[in-house]
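Close look at the chain arrangement
Chain by chain, the residues:
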Amino acid sequence: MMVQRKVMATSVVLSLSNWTVSPGVLKRFVSRSKFSQCSRFKSCSRYSHPRVCRGATGRTFSTSILSVVPREGGSSIFSAVFDARFLHSAAFKMTSADLSLFTYPNDTPFVELDCSSAFNALTEKEKLYAHYLSQASWYGGLIVYVQTSPEAPLIFSLLHKLISGEKVEDLKRTAVECGEATEEDVKALLVYIAGVFANSGNYKGFGDSKIVPNLPRDRLEKIVLTSAAYKADPKSVQTLWNACADHIYSLEPLRQHLGFSDKGITTYFTPNCTQKDSELVLNFMKKYNLEGYNNRLFKYVDGSKVTYEIRMASVLEKHEDEPFLLPDTIYEGCTFRVTRGDYSGLLDLVCQNLEKAKGYASNELETKMLEHYIKSFRTGSLEAHKNGSSAWIQNKGPVVETYIGFIETYRDPAGMRGEFEGFVAMVNKEMSAKFGALVANAEPLLKELPWPSTFEKDQFLKPDYTSLDVLTFSGSGIPAGINIPNYDEIRQSEGFKNVSLGNVIPTSFKGFRHQFLSDEDVALMDKYAVTAFEVCVGLHELLGHGSGKLFRKEGEKYNFDVEKVINPLTNSKVTAWYEEGDTYDSKFTSLGSAYEECRAECVGLYLSLNESVLKIFGAEGEDAENVLYINWLNMLWCGAAKALEMYSPASKTWLQSHSQARYVILQVCLEAGEGFVKVTETEPGKNLLLTVDRSKIKTVGKKAIGDFLVKLQVYKSTGDVKSAQDMFNKYSEVNDDGVYPWAQWRSIILAHKQPRKIMVQHNTLLNGAKLELLKYPATAEGFVQSWSERLSSPKVEGILESLWQKDAKNFYSEVPAQVASV
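What comes next is a walk through the structure. (Residues numbered from 1 in each chain as written. Predicted model: local features only at pLDDT ≥ 70, side-chain atom pairs only at ≥ 80, totals over all residues. Heavy atoms only, no water.)

1. Comments concerning the overall build of the chain
Using the following cut-off: Counting from the N terminus, the helices are DSSP H or I runs at least four residues long and the strands are E runs at least two residues long. Relative accessibility decides the category of a residue: with a 1.4 Å probe and only protein chains considered, values under 20% of the type maximum give buried, values over 50% give exposed, and everything between is partly exposed. Any two residues having at least one pair of non-hydrogen atoms within 4.5 Å are treated as being in contact. Where accessible areas are quoted, they stem from the Shrake-Rupley method and a 1.4 Å probe; at the residue level, only the protein chains shown are allowed to cover.
When you go through the chain residue by residue, the secondary structure sums to 32 helices and 25 strands. For the chain, the proportion of its 822 residues judged to be buried stands at 60%. A separation threshold of at least 6 residues defines the contact pool for the chain, and within that pool the share at least 24 residues apart is 75%. As displayed, the chain offers around 33100 Å² of accessible surface, 49% of which is attributable to carbon and sulfur atoms.

Now the structure itself:
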């Protein structure tokens, strides 16, 4: 293999086709060549990170450039031949992707999400209500596997068979005694299983990057083929392994992250769908008053004929007389077909358990709520789920709180389709009292926000705001707080609920180490981080997501005074608004989640300056000042020390909405200047230091965030997507030069990356007439055991396999022959 390279006056450039090489491998590569004899090369100061090659199997990737920057200039230009054998070595090939970004290490921390005190305080009737709601949530959560990647349903089926076939200790012992794997290999497998089950798929719920096992493929295969599950049903297990093994380990560029097919992988759309297809379908849906929360898009091409299938989630599959099931419709030269029956078998299990939960509901509103949910999941009617959400809002202060359905749109590349989620929790009365006090003070606090009162809702509908101890949370991750429902018309006219997941917040901070801070700031973080985060979550959910008005035109009527309302950014009348059929999600699409999270975070920062807010959370005097400081410091620290873990340099895209939001906030505060926030590289290539001048939070910081909030709200209120996009994109840029070279610093941040905690949740078991709460050790073994005992129905593996089979032809260019029997 001939490799051409040039040595210029200031750099050495090595060009290779079809390869991406890490700096470490580049050093070894050059050390084995004649090039290492160059004195200028020996004195090089650093090796830059390569651009990630992009392409697909069977095609040549674009050229990957790797550069070496000498300390001293030079003028010689020469070429030489490198040892081609090294280019084909295992070390060279393994560096096509940094595996550490895609694996859970064996020392991944596990923490218990304990709710035993709150659960034990329930009556027997309330416990049974919680039990059946939990079962409905767990079965519904399996839908996320189908929503994530083509192979995820088969991976779940394979892994679930593996852990259900024998006890964890027996699995470990068999694998090691057979001499096919080490204890570390088995530990890596258990951690991988935990990672897949905790994220409801083989892509991370926070960051959307792929999860691959931290052990070689041949070792994993041998563990699988010596297991009790294989011995009991060798054909089924072998078939599943054949079907998904390649995809489990594949780190081709377009399989590393979720996204449209030109940037990643998704099953919300078939691979032949592009952003333009999404926009066309969005316009169709707007015209016919359809929303995307509970459907997926399938595109079929037959010669010049294009058909789009908008498939609704439901138990029923036949096309009966439902108002949302339109007849085939021609729009913009394409055929549009609205069908139903997506995730049918899983939603049937959800409905069965919701029916059982109805028998233990504590009031008519809970019964009504569940009836509407069942109707929605059985028929595919989104309107029925909205009706259930309305009943849920009216059910104030329930002892057992729950919400279930297609909720958050973070992982749809178009920002419209909801991921299935379900939670069950019990009220924490002490913390709920604090949030109740916050709600009582909400209206005067809203008046402190920096935008004009005309940009605020006409009436603040006081929500139910409770702190909950989570019993069950199914989906791709567990948040610290929620503001739901997400339906615009309900939030604006009927209100919403705020939920703080009280046992999640302290659990999240257990054993956490803050990098890039002074020792003094680390000590303050350790002492005040939990309280500060409670303040942050409280304000973020209640007055962040709960604030602001959307200007609308319905028919000939406006919901604001079109002649009097002045845009504070232009000092002229408002000239833009939401037309009939528009929603925030349909207008802001893929920008919407990060933009809204940023707005809510900024509201939390801005209102945390209010002493009465801090007093509500028990912070007064010096403690209040420290909680205020840590609230701001933690937000800016997240933007500097954590956010770039969720950024893809290859595609120049952000992979997680909250991370992008916090990075943007950091850039706004850095732009404010006056020494308010500083980030410095204290050890070249190794360490950073973030400092915040706490004396300037109430002046420089307040003004910077306040001015930014006005822009965020005005663009949102008026639906001015272009201005919002231009502003947000500017602050989202990751530059490799200037005072803050974040693209270069990303390698420092990744070197200090800490594994994300995996939470071990309890199970409920109906043993005769008595309901038991099952707890598990906070270990990989404990997590895996919890999942081996979680699902009572023996049908789930078969259902997931059948769902995979139903759509395999839509997501594989050629369905492998060896998996035809799945």
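Now that the structure has been shown, the text picks up again.
2. As for the pattern of salt bridges
Operational definition: One speaks of a salt bridge when a side-chain nitrogen belonging to Lys or Arg is within 4 Å of a carboxyl oxygen belonging to Asp or Glu.
Applying the stated criterion across every chain, the model contains 40 salt bridges. A salt bridge links Asp-582 to Lys-286, with the nearest nitrogen and oxygen atoms 2.7 Å apart. Residue Asp-582 is located in the loop between β18 (572-573) and α23 (584-588), and its partner Lys-286 is located in helix α14 (residues 275-287); the two are separated by 296 residues in the primary sequence. Residue Asp-582 is classed as buried on the basis of its relative accessible area, which comes to 6%. As a salt-bridge pair, Lys-730 and Glu-671 come within 3.4 Å of each other at their nearest N and O atoms. Taken as a pair, Lys-730 in helix α29 (residues 721-732) and Glu-671 in helix α27 (residues 657-671) lie far apart in primary sequence, 59 residues in all.

3. Notes on the packing of aromatic side chains
To be explicit about the condition: In this analysis, rings of Phe, Tyr and Trp, with Trp reduced to its six-membered ring, are considered paired at centre separations within 6.5 Å, and the interplanar angle assigns stacked below 30 degrees, edge-to-face beyond 60, and tilted for intermediate values.
Throughout the structure, instances matching the rule amount to 41 aromatic pairs. Between Phe-560 and Trp-577, the aromatic rings sit 6.1 Å apart at their centres with planes inclined by 50 degrees, giving tilted as the arrangement. Of this pair, Phe-560 sits in the loop between β16 (557-558) and β17 (566-567) while Trp-577 sits in the loop between β18 and α23, and the two are 17 residues apart along the sequence. This pair shows no difference in class: Phe-560 is buried, exactly as Trp-577 is. Feature note: the residues Tyr-343, Tyr-373, Phe-377, Trp-392, Tyr-403, Phe-406 and Phe-420 constitute an aromatic cluster, connected by ring pairs.

4. As for the sheet that holds strand β7 (residues 305-313)
Here is the rule we go by: Each pair of strands is called paired provided DSSP finds at least two bridges between the two strands. All axes are obtained by fitting lines to C-alpha atoms, using only the stretch in contact for helices, and the reported angles, taken between N-to-C directions, cover 0 to 180 degrees.
Taken together, the 4 strands give an open sheet; going across it, the order is β6-β7-β9-β8, and neighbouring strands pair in mixed fashion. Each of the sheet's edge strands pairs with one partner strand only, and the pair in question is β6 (295-302) and β8 (329-331). With direction set aside, neighbouring strand axes in the sheet form an average angle of 30 degrees. In this structure, β8 lies alongside strand β9 (residues 334-342), joined through 3 bridges in antiparallel fashion. For Tyr-331, the partnering residue across the bridge sits in β9 and is Cys-334.

5. Focus: the packing of helix α22 (residues 519-544) against helix α26 (residues 621-642)
We apply this condition: Roughly parallel refers to an angle under 35 degrees, roughly antiparallel to one over 145, roughly perpendicular to one between 65 and 115, and oblique to any angle outside these ranges. Note on residue classes: Ala, Val, Leu, Ile, Met, Phe, Trp, Tyr, Cys and Pro are nonpolar, Asp, Glu, Lys and Arg are charged, and everything else, Gly too, is polar.
Contact geometry for α22 and α26: axes closest at 7 Å, N-to-C directions at 90 degrees. It follows that α22 is roughly perpendicular to α26 by the angle criterion. Between α22 and α26, the residues in contact are Asp-521, Leu-524, Met-525, Tyr-528, Ala-529, Thr-531, Ala-532, Phe-533, Val-535 and Cys-536 and Asp-623, Asn-626, Val-627, Tyr-629, Ile-630, Asn-631, Leu-633, Asn-634, Met-635 and Trp-637, respectively. Among the residues forming the contact of α22 with α26, the class breakdown is 14 nonpolar, 4 polar and 2 charged.

6. Some remarks on unusual backbone geometry
A cis amide bond links Ile-484 with the next residue in sequence, Pro-485, at an omega value of 5 degrees. Tracing the chain through its elements places Pro-485 in the loop between β13 (481-484) and α20 (488-493). Unusually for a residue other than glycine, Thr-589 sits at a positive phi of about 40 degrees. Mapped onto the elements, Thr-589 comes out in the loop between α23 and α24 (592-607). Despite not being glycine, Glu-674 has its phi angle at roughly 60 degrees, a positive value. Secondary-structure assignment places Glu-674 in the loop between α27 and β21 (677-683).

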